[in-house]
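# Chain and residue survey
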Amino acid sequence: MEMSVKTPRRQDTGAFLILIFAFLLCGVIGCGSKSGQAKAKQYEKKIEQYFSFAEQEYKKLKLDLDLGGLYLKYGQFEKLFAAFKNSTTDVARQALAIAYYKTGDYTDALETFEKAGTLDNQALYYFGKTCEKLSLYDKAMAAYRKISSGEFYRLAQDRLGEIEKAVNSLNISQIDPQVYKIITQAPLPSQYPQAGALILSCDEKIEITPENTQISTLHYIIKIINQRGKENFSETKINYDSTYEKVDLEFARVIKPEGTVVDVGRRHIRDVSLYLNFPLYSNARVFIISFPEIAEGSVIEYKAVIRSNQLVNKKDFVVSYPLQAADPIIAADFKLSAPKERKVNFKKLNEKYNNFSANLDPQAQNGGNSVIYKWQFKNIPQIIPEPNMPPDCQVNPQIMISSFNSWGEVYQWWWGLAKDKIKADQQIKNKIKELTSGLDNLKDKIKAVYNFCAKDIRYVGVEYGQAGYEPHAAEDIFRNKYGDCKDKAVLLVTMLSQIGAEADLVLIATRDNDNLMDDFASIDFNHCIAAVELQGEVVFLDPTAETCSFGDLPVGDQERRVLLCSGKGYKIMDTPLYPAEHNLLKQVTSIRLNADESIAAKKTVFTNGFYDQTQRYWLIYTPPELIEQMLKEKIQEISIGAKLNSYSVDNLNDLNKPVVLTYEFSGKEYLIDAGNLRIVPQLSGLDTAVVAQEKRKYPIDFSSLDSQETDFVINIPDGFNIAHLPDSVTQDSPWLKFDCQYKKIGNNIYFTQKVLLKKNTVSQEEYPAFKEFMQVLAKKVKQRIVLRKK
């Protein structure tokens, strides 16, 4: 810190301190003849003593600025904050701002720098670094350019060079002939009409060291074909856990069509928290590279290294390598090296979709003290999405690698992380007493505890493993009132154990991840839930699903093989796939047709299962004005110009009961005029969009089973009689059951349609028959009621 205040007394004290520290420094660096650790310790102790002497002298002389400079120089930031907290001088504010920067408080550092008046060179340098941390690169560059001399000039110039690298004067052919060759030999974009970019080279290496660390290297060369590719690849994001991992960018650049190179400068790189507002997960970070001057025909290239100083379980590793991507891969190389004594297990998935002859078996070679496993691939086609196709993990050929040898090893590792977190403090016990007061039935108590954890503990959507595998303590989650999946599950299991329920933590891979395989131990889980034993049955509970009732599960949790963990050991079980009747959407509409052909109508929507989860979520998180607007839009489908008279919602905040939405409306027209005839809008219907394709490469995936029921009651006035009432239709198939019924009783027409889905997948082989069934059925039900005016 450059001090500008001078007094005779200060100069005398300063000379005294210079002599002290010169003497001590000489001793520390070895100017004297004595050596050895004991002597070094003595000097260290003397430094502390003389620091204390200097501190006392400055205080006695009331030289606050010098005292602050001493604290700043020797990293005594808390003392500096205390000394300068009420000071308004520029020098004091500069010292404070630098201290804020060095303690990682960049927001306060920026605010204090901007209040500090004219900054000296040291302050300008740290002001620039503060702005960099906050991604204020223009401000940072302006600060560095003001430094014209002194020790900070060179440092400032280095930072300027890092922030904004100029266009390289050399061509890529001169910089890297190998990359130039890859680019010039790239296939023509016209060969890939569905692609947005071509991944010319994908080179990935993973090294497992004898010290149980991991070094992962990524080197990508990608050619941008069109606007879609530009949108998809203008930024690259690398997620990492800052507790154990560090990302180093060796280089990133844009190669223009003519071969000139634009290096990515510091201003185009961000390293930010994924969950800025949740301090418990501050270790989950993302390293973002933004490529400047990217255009159609240009190539982006980057090479990054992710270093992990600790493996899972301190000795194990798991790798998943999917072959295909959303764009074609022209060449891909993957290499894994591991110590010779380390057993490595391999598993190949989705081989039936490997119709491009990729060899998924590794080539092993001796690497001295390690074994190197290599794969090389050429011309991997892109995955072209189809409507209702399965998740990528079910159709993308994939290589799974794991050093875990059994599920017992996985359990021992993870239960060791979780078991000590399942403890209830007094606050948790008090809350349980409050929740279960007056409840005698164990099931009711479990429901009350589950409802609290689901609704009142805010869920932070951190994917399992993204912010570490170790959950936080139950008392921390209860106190903070937020948590990720494993944290909410730990709190739920903790509270359930206090009411005498046997509960387990459950590691689960949801539908977008590879399902647990009994013969291949891994940690490819992305979620954590809970399970409780009730009347001899296991009930799975997902407390992250705040609108999911007890006894229900989100679709992504259903039909999954899972690992249950408790103090008694582990079990592998399956979560249920709920039957179609469980997931019910029932809509009941009553319409009174008036003599002038206007209508008065009422519609009630009943939901259960995942329909209830979705409806409840929409009604809770949508502003009432928007709900009303959407209902107004909906009733226009029945009557043009219809008016919404009222709407109501029952059981919205009671997870023990399904949500019921009711709305009433009126309209001036409903029937279609056809001379003396009036046609009622079609009541029955079947969506055939799912069979629009001639053939499919992938199965149809409905995710779950469901049932839908539509009921109409239409009251006909005396001035009309029925000219035509459609026939009822009942059709059954291996995939779904369809039934629609028309009846006339008195002045009322009753219509009921029920569609029950029997299978949640339709294979490619079944698709032609399924398509024919749907189209024939859709034609049969395309009928309307016709009325005649008397």
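For the structure itself, look to the data block above.
Treat the numbers as computed from the prediction; the structure is a model and nothing was measured.

## Description of the overall build of the protein
Along its length, the protein carries 21 helices and 36 strands. Principal-axis analysis of the C-alpha atoms places the extent of the protein at approximately 120 × 70 × 60 Å. The buried share of the protein, taken over its 790 residues, is 49%. Taken as a whole, the protein presents about 38,600 Å² of accessible surface, with 48% of it coming from carbon and sulfur.

## Considering the sheet that holds strand E4 (residues 235–241)
An order of E4-E8-E7 is seen for the three strands of this open sheet, with the pairing classed as antiparallel. The open sheet has two edge strands, E4 and strand E7 (269–273), and neither has a second partner. This sheet shows a mean twist of 20° between the axes of neighbouring strands, independent of strand direction. With seven bridges connecting them, E4 and strand E8 (residues 284–290) associate as antiparallel partners.

## Brief notes about the packing of aromatic side chains
Under the definition given, this model contains 30 aromatic pairs. Between Tyr411 and Tyr570, the aromatic rings sit 5.7 Å apart at their centres with planes inclined by 35°, giving tilted as the arrangement. Placement of Tyr411 in helix H14 (residues 407–418) and of Tyr570 in strand E22 (residues 569–574) is noted, with a sequence separation of 159 residues between them. Exposure remark for Tyr411: the relative accessible area of 7% places this residue in the buried category. Under the relative-accessibility criterion, Tyr570 is labelled partly exposed at 37%. The interplanar angle of 70° and the centroid separation of 5.2 Å between the aromatic rings of Trp413 and Tyr469 together place this pair among those described as edge-to-face. Taken together, the positions of Trp413 in helix H14 and Tyr469 in the loop between strand E16 (458–459) and helix H17 (474–480) put the pair 56 residues apart, joining distant regions of the chain. The class of Tyr469 is partly exposed, set by a relative accessible area of 24%. Among the aromatic residues, ring-to-ring pairing joins Tyr101, Tyr106, Tyr125, Tyr126, Tyr144 and Phe152 into one connected group.

## Quick notes on the environment of Tyr153
When you line up the elements, Tyr153 lands in helix H9 (residues 151–163). Excluding anything up to four places from it in sequence, Tyr153 contacts Ile147 and Ser148.

## A look at the pattern of salt bridges
If you walk through the whole model with that rule in mind, you get 36 salt bridges. Two residues, Asp701 and Arg511, come together in a salt bridge whose shortest N-O distance is 2.7 Å. Of this pair, Asp701 sits in strand E29 (residues 700–701) while Arg511 sits in the loop between strand E18 (503–508) and strand E19 (527–534), placing them 190 residues apart in sequence. When its relative accessible area of 6% is taken as the criterion, Asp701 is described as buried. On the basis of relative accessible area, Arg511 is assigned to the buried category, the value being 14%. Put simply, Glu597, Asp673, Arg678 and Lys789 are held in one network by salt bridges that share partners.

## Section: the nonpolar core
Counting 53 residues, the largest nonpolar core has Tyr670, Phe738, Phe770 and Leu787 as the members making the most contacts within it. Formed by 52 residues, the second largest nonpolar core is a distinct cluster that contains Tyr411, Leu491, Phe525 and Val532.

## Some words on the environment of Ile446
Note that Ile446 resides in helix H16 (residues 442–456). Along the primary structure Ile446 and Val532 are separated by 86 residues, whereas in three dimensions their C-alpha atoms are 8.6 Å apart. Those residues in contact with Ile446 that lie beyond four places of it in its chain are Leu496, Ile499, Ala501, Val532, Leu534 and Phe550.

## A short note on the side chain of Ser704
Residue placement: Ser704 occurs in the loop between E29 and strand E30 (707–715). Residue classification places Ser704 among the buried residues on the basis of a relative accessible area of 3%.

## Remarks on the sheet that holds strand E27 (residues 672–674)
With antiparallel pairing, the four strands of this open sheet are ordered in space as E27-E28-E36-E31. Of all strands in the sheet, those with a lone pairing partner are E27 and strand E31 (720–724), marking the two edges. Strand-to-strand twist across the sheet, computed as the mean angle between neighbouring axes with direction ignored, equals 35°. Judged from the four bridges that link them, E31 and strand E36 (residues 786–789) form a sheet pairing that is antiparallel. Looking at E36, one finds that His724 is bridged to Val786.

## Quick look at unusual backbone geometry
The phi torsion at Lys481 lies on the positive side, around 65°, for a residue other than glycine. On the secondary structure map, Lys481 appears in the loop between H17 and strand E17 (482–483). In this model, Asn651 sits at a positive phi of 65°, which is unusual for a non-glycine residue. Note that Asn651 resides in the loop between strand E25 (643–650) and strand E26 (660–667). In this structure Asn651 comes out as partly exposed when scored by relative accessible area, which is 27%.

## A word on the side chain of Ser273
Structurally, Ser273 can be placed in strand E7. Note on Ser273: relative accessible area 19%, which makes it buried. In this structure, Ser273 is in contact with Ser282, Ala284 and Arg285, ignoring residues within four places of it in sequence.

## Some points on the packing of helix H15 (residues 426–436) against H16
Running from N to C, H15 and H16 cross one another at 120°; their axes reach a closest spacing of 9 Å. Taken together, the axes of H15 and H16 are oblique relative to one another. H16 is crossed by H15, and the crossing has right-handed handedness. Contacts from Lys431, Leu435 and Thr436 in H15 reach Lys445, Ala448, Val449 and Phe452 in H16. Tallied by class, residues from the contact of H15 with H16 come to four nonpolar, one polar and two charged.

## Examining the packing of helix H7 (residues 121–133) against H9
Two numbers describe a pair of packed helices, the interaxial angle and the distance between the axes. One can describe the packing of H7 onto H9 by two numbers: an axis separation of 10 Å at closest approach and a directional angle of 20°. Between H7 and H9, the angle falls in the class roughly parallel. In this structure, H7 crosses over H9, and the sense of that crossing is left-handed. Contacts from Asn121, Gln122, Tyr125, Tyr126 and Glu132 of H7 reach H9 at Phe152, Leu155, Ala156, Arg159 and Ile163. Across the contact of H7 with H9, the residue classes break down as six nonpolar, two polar and two charged.

Conventions adopted
Residues numbered from 1 in each chain as written. Predicted model: local features only at pLDDT ≥ 70, side-chain atom pairs only at ≥ 80, totals over all residues. Heavy atoms only, no water. Helix = DSSP H or I, 4+ residues; strand = E, 2+ residues; numbered from the N terminus. Buried < 20%, exposed > 50% of the residue type's maximum accessible area, 1.4 Å probe, protein only. Areas by Shrake-Rupley, 256 points an atom, 1.4 Å probe, with all protein chains shown as cover. Pairing = 2+ DSSP bridges. Axes fitted to C-alpha atoms, helices over the stretch in contact; angles between N-to-C directions. Phe/Tyr/Trp six-rings, centres within 6.5 Å; stacked < 30°, edge-to-face > 60°. Contact = heavy atoms within 4.5 Å. Salt bridge = Lys/Arg side-chain N within 4 Å of Asp/Glu carboxyl O. Core = buried A, V, L, I, M, F, W, Y, C linked by side-chain atoms within 4.5 Å. Parallel < 35°, antiparallel > 145°, perpendicular 65-115°, else oblique. Left-handed = near helix turned anticlockwise from the far one by under 90°. Nonpolar A, V, L, I, M, F, W, Y, C, P; charged D, E, K, R; others polar.

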